[in-house]
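Remarks on the overall topology
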Amino acid sequence: MNQSFYDKLQILEPEERKLEEMERLKAMERPLLSWYRENARILPWRETPEPYRVWISEIMLQQTRVEAVKPYFARFMKALPGIRELASVSEDELLKLWEGLGYYSRAKNLKKAAELLVEQYGGELPASYEELKKLPGIGSYTAGAIASIAFGIPVPAVDGNVLRVISRVTGSREDILKQSVKSGMEEKLKKIMPKDAASSYNQGLIEIGAIVCVPNGAPLCGRCPLSSVCVAKAEDLTGVIPVKTPKKPRKAEDKTVLMLWREGKVAIRKREDAGLLASLYEFPNLDGHLSEETIYSLFGAKAAKVTALPGSRHIFSHVEWSMTGFRIDLSGTLEGDYLWVTPEEIKKTYSLPGAFKAYTKLIR
DNA sequence: AATTCGGGGCC
DNA sequence: GGCCCAGAATT
């Protein structure tokens, strides 16, 4: 009977299987480092591994593709070239720099961390995995990335790429979305990673995941330096590994967006400082799809004219907005925390999320 | 352990 | 139309 290698693994005793796995992981080192030396992409944050640059890039790269980060990184480094500049920037200016990049708490945590660094660390990032991990916005992956890339400290940096690559190499069918799987992989890599090449080792694993051992479609095993030690490759399991639990469906929400106009200016307001799109600006809006009659009843005689605007749909990770809108030309003043701004000010000063793009573009 | 945070490119 | 991305914080 022709028993597959994967089946053979299954009949090993747990201890034997662990040993086999560690040997397999150790076998990655030489081909991995050699491949990375020759195939590392030239990226802006790789020009010099200055801790501040590594930090900013790693935060921007959280759940965000390299190509999306590039222009933001350049603009950010020019506007805020160091920790002290970041610590003293205004929140609005910071969020304007982050506008469109998403996950806006990242930006707010950056500023918080910078303030802490100035107050408690002499304005510099600590060369310590544990100290880095205490800073807001820095979890196990980012602490490992900064520690290894900026300071050469031999700690793993396990992101989605590494989870995918290692799962395939070892033939693991464990759910990579489980925190326990991630921490388990960090423990394994910590034991076997080279002490004198942490930066290249971590970046090499990530790089393979990003450009060879890709998630969507078939991985490019023909170009992979790990193909000879890879269980998924040998057993044709790259289609089923990594295993990820399905996401739950997103919630649908109806909104009615109001473009209030008065004397050539339009009303915006600042969102709550927590939750979705925290602290960004928005056009005033109400829950539900409201009728024109309802709009008139809300604004009464102050609404000189009400015009229906096109509908729009915006998809977040976990919520979907179905928007209708009205332009309301006002004759009198209005109660409430509105900022009356010109189109130019929206463009240059205020951070409005892309969810409102269908309405933002109407004012140009 | 599960949920909440964005946005865009690709299949 | 769904998937996934150099994840972390909160509940």
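Each chain has its residues counted from 1, following the order in which its sequence is written. The lettering of chains begins at A and the numbering of ligands begins at 1, in the order of writing. The predicted origin of the model limits local features to residues at a pLDDT of at least 70 and limits the giving and counting of side-chain atom pairs to 80 or more, whereas totals for whole chains, interfaces and linings rest on all residues. Side-chain metrics in this entry use all non-hydrogen atoms of the structure; hydrogen atoms and water are not considered.

So, about the protein's contact with DNA strand C. Being near a molecule or strand, for a residue, comes down to having at least one heavy atom within 4 Å of it. Taken together, 30 residues are adjacent to DNA strand C, and Gln 63, Gly 137, Thr 142, Asp 159 and Arg 164 come closest. Any N or O atom pair separated by 3.5 Å or less is treated as a polar contact, with the protein-specific requirement of one donor-capable and one acceptor-capable atom, and with residues adjacent in sequence counted only for side-chain atom pairs. Within the side chain of Arg 164, a nitrogen or oxygen atom sits 2.7 Å from a phosphate oxygen of DNA strand C. Where the surface near DNA strand C is concerned, the elements lending two or more residues are helix 10 (140-151), helix 11 (160-170) and helix 13 (198-211). Residues are sorted three ways: Asp, Glu, Lys and Arg are charged, Ala, Val, Leu, Ile, Met, Phe, Trp, Tyr, Cys and Pro are nonpolar, and all the rest, Gly among them, are polar. The class makeup of the residues in the surface near DNA strand C is 11 nonpolar, nine polar and 10 charged. A run of H or I in DSSP counts as a helix once it spans at least four residues, and a run of E counts as a strand once it spans at least two, with each numbered from the N terminus.

A word on the environment of Ser 90. Within the secondary structure, Ser 90 sits in the loop between helix 6 (83-88) and helix 7 (91-98). In this structure, the C-alpha to C-alpha distance between Ser 90 and Leu 276, residues 186 residues apart in sequence, is 20 Å.

Below, the discussion takes up helix 3 (residues 29-39). Among the residues of helix 3, Leu 32, Leu 33, Trp 35 and Tyr 36 are the ones counted as buried. With its buried residues spanning 165° around the axis, helix 3 presents them on a single face. Facing away from the buried side of helix 3 by over 90 degrees, the exposed positions are Arg 30, Arg 37 and Glu 38. Contacts are residue-level and defined by heavy atoms, with any inter-residue pair within 4.5 Å sufficient. Where helix 3 is buried, its residues meet helix 13. Whether a residue is buried, partly exposed or exposed follows from its accessible area with a 1.4 Å probe, protein chains only, as a fraction of its type maximum: under 20%, in between, or over 50%, in that order. As used here, the arc is the angular range of directions from the helix axis to the C-beta atoms.

On to empty space enclosed by the protein. Site definitions follow a grid-based scheme: protein atoms alone, a 1 Å grid, a 1.4 Å probe that fits but cannot get out for cavities, and for pockets an open set with protein on both sides within 12 Å along at least five of seven lines, plus lining residues having an atom within 4 Å of a point. Grid points are joined across faces, edges and corners, and a volume is the space filled by probe spheres set on the points. Overall, the coordinates contain one cavity of 30 Å³ or more when judged by the stated rule. Space inside the largest cavity adds up to approximately 90 Å³. Forming the walls of the largest cavity are 15 residues, and the residues nearest its centre are Arg 168, Cys 213, Cys 221, Cys 224 and Cys 230. Of all the elements, helix 11 adds the most residues to the lining of the largest cavity, at three residues. Split into classes, the residues belonging to the lining of the largest cavity amount to 11 nonpolar, two polar and two charged.

Two strands pair under a simple rule: DSSP has to find at least two bridges between them. Inspection of the sheet shows strand 5 (residues 303-315) paired to strand 6 (residues 319-330) by 10 bridges, in the antiparallel sense. Each residue of the ladder has a partner; that of Ser 312, found in strand 6, is Met 323. From the end of strand 5 to the start of strand 6, which pair antiparallel, there are three residues.

Now for the nonpolar core. The biggest cluster of nonpolar side chains holds 101 residues, and the ones touching the most others in it are Met 28, Trp 55, Ile 56, Phe 76, Leu 86, Leu 189 and Phe 283. When residues of this core are assigned to their parent elements, the largest contribution, seven residues, is made by helix 10. Both domain 1 (5-234) and domain 2 (251-363) contribute no fewer than three residues apiece to this core. Joining through side-chain atoms within 4.5 Å is the link that ties buried Ala, Val, Leu, Ile, Met, Phe, Trp, Tyr and Cys residues into a set, and such a set is a nonpolar core. Leu 260, Ile 295, Phe 326 and Ile 328 belong to the second-largest nonpolar core, a separate cluster that totals 11 residues. Where each domain starts and ends comes from a domain assignment, either automatic or drawn from a database.

The interhelical angle for the contact between helix 10 and helix 13, taken along N-to-C directions, is 135°, at an axis separation of 7 Å. Viewed along their axes, helix 10 and helix 13 adopt a mutual orientation that is oblique. Where helix 10 crosses over helix 13, the handedness of that crossing is left-handed. Here helix 10 contributes Tyr 141, Gly 144, Ser 148 and Ile 149 to the contact with helix 13, which in turn contributes Ala 198, Ser 199, Asn 202, Gln 203 and Ile 206. A breakdown of the residues in the contact of helix 10 with helix 13 according to their chemical character gives four nonpolar, five polar and no charged. Between N-to-C directions, angles cover 0 to 180 degrees, with each direction set by a line fitted to C-alpha atoms, over the stretch in contact for helices. The scheme is simple: roughly parallel for angles under 35 degrees, roughly antiparallel for over 145, roughly perpendicular for 65 to 115, oblique for anything else. Left-handed describes a crossing whose near helix is turned anticlockwise from the far helix through less than a right angle; right-handed describes the clockwise counterpart.

Turning next to helix 8 (residues 105-120). What a helix is expected to span follows from its residue count: subtract one and scale by 1.5 Å. Look at helix 8: 22 Å from first C-alpha to last across 16 residues, which is about the 22 Å you get at 1.5 Å a residue. Among the residues making up helix 8, those that are buried are Arg 106, Ala 107, Lys 108, Asn 109, Leu 110, Lys 111, Ala 113, Ala 114 and Leu 117. Taken together, the buried residues of helix 8 touch helix 4 (51-60), helix 5 (66-79), helix 6 and helix 7. After helix 8 finishes, the residue Gly 122 shows a positive phi value of roughly 65°.

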